[in-house]
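Summary of the model geometry
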Amino acid sequence: MVDLKYVTGGEPGSAPYSDLVVVSDKILYLSGLVSEDLETGDLLPGDITAETRRTFQNLKTILEQNGSDMDHVIRVEVLLADFSQRDEMNAEYMKHFSPARMPARLCFGGVDLAGGCKIEVMVTAAKK
């Protein structure tokens, strides 16, 4: 039997998705994360480096709140509004992972992201 836990940051049913789904208390599936203030939900626009940094700081916070960490990230999907900013994003991205524990990844661009964001990431992670 698979046990599923659905977590949302807002009122249940306020969005057509869950922020996080936990499978059998072992695997975390995080919906798209962007550069935002986790307490207020306000978007924090900036250049691609600043938005990438904030997005991965948010990821670290959410993982730690749910029994995981950056070393347990299995897969990352990166969406970029402008694919030509991939090298700048990669330079910041690599600061958030151990070189020996880089997760599997998909990265694509030319995507019209909500709120004018430059980056959005979806993550799969294991619990510690």
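For the structure itself, look to the data block above.
Quick summary incoming for the structure in this document.

Conventions and cut-offs
- Residues numbered from 1 in each chain as written.
- Predicted model: local features only at pLDDT ≥ 70, side-chain atom pairs only at ≥ 80, totals over all residues.
- Heavy atoms only, no water.
- Helix = DSSP H or I, 4+ residues; strand = E, 2+ residues; numbered from the N terminus.
- Buried < 20%, exposed > 50% of the residue type's maximum accessible area, 1.4 Å probe, protein only.
- Contact = heavy atoms within 4.5 Å.
- Polar contact = N/O pair within 3.5 Å; in protein donor to acceptor, adjacent residues only side chain to side chain.
- Disulfide = S-S within 2.5 Å.
- Phe/Tyr/Trp six-rings, centres within 6.5 Å; stacked < 30°, edge-to-face > 60°.
- Lys NZ or Arg CZ within 6 Å of the ring centre and 35° of its normal.

**Considerations on the environment of Arg-105**
Relative to the helices and strands, Arg-105 resides in strand E5 (residues 104–109). With relative accessibility at 31%, the residue Arg-105 sits in the partly exposed group. Along the backbone, Arg-105 and Val-76 are 29 residues apart, and their C-alpha atoms lie at a distance of 4.8 Å. The residues touching Arg-105, leaving out its near neighbours within four places in the chain, are Val-76, Val-78, Met-89, Asn-90 and Tyr-93. There is a polar contact of 2.8 Å between the side chain of Arg-105 and the side chain of Asn-90.

**Here's the deal with the side chain of Glu-51**
Assignment of secondary structure puts Glu-51 in helix H1 (residues 48–65). Taking the relative accessible area as the measure of exposure, Glu-51 reaches 1% and is therefore buried. If near-sequence neighbours (up to four positions away) are discounted, Glu-51 is found in contact with Ser-35, Leu-44, Pro-45, Gly-46, Cys-117, Lys-118 and Ile-119.

**Observations concerning the state of the cysteines**
Think of a disulfide as a covalent bridge from one cysteine sulfur atom to another cysteine sulfur atom. For the structure on display, the rule yields 0 disulfides. Free cysteine: Cys-107, not disulfide-bonded; nearest cysteine sulfur from Cys-117 at 15 Å. Look at Cys-107 and you get buried, because its relative accessible area is 18%.

**Digging into the packing of aromatic side chains**
For the structure shown, the criterion picks out 3 aromatic pairs. Taking 5.3 Å as the distance between ring centres and 85° as the angle between the ring planes, the aromatic pair formed by Phe-56 and Tyr-93 counts as edge-to-face. Residue Phe-56 is located in helix H1, and its partner Tyr-93 is located in helix H2 (residues 86–93); the two are separated by 37 residues in the primary sequence. Tyr-93 matches Phe-56 in its accessibility class, with the two residues each being buried. Here Phe-56 and Phe-97 contribute two aromatic rings whose centre-to-centre distance is 5.9 Å and whose plane-to-plane angle is 80°, an arrangement assigned as edge-to-face. Separated by 41 residues along the polypeptide, Phe-56 in helix H1 and Phe-97 in the loop between H2 and E5 bring together distant segments of the chain. Owing to a relative accessible area of 5%, Phe-97 belongs among the buried residues under this scheme. Three or more aromatic residues link up through ring pairs in this structure, and these residues are Phe-56, Tyr-93 and Phe-97. A cation over an aromatic ring shows up here: Arg-105 above the ring of Tyr-93, its NZ or CZ 4.6 Å from the ring centre.

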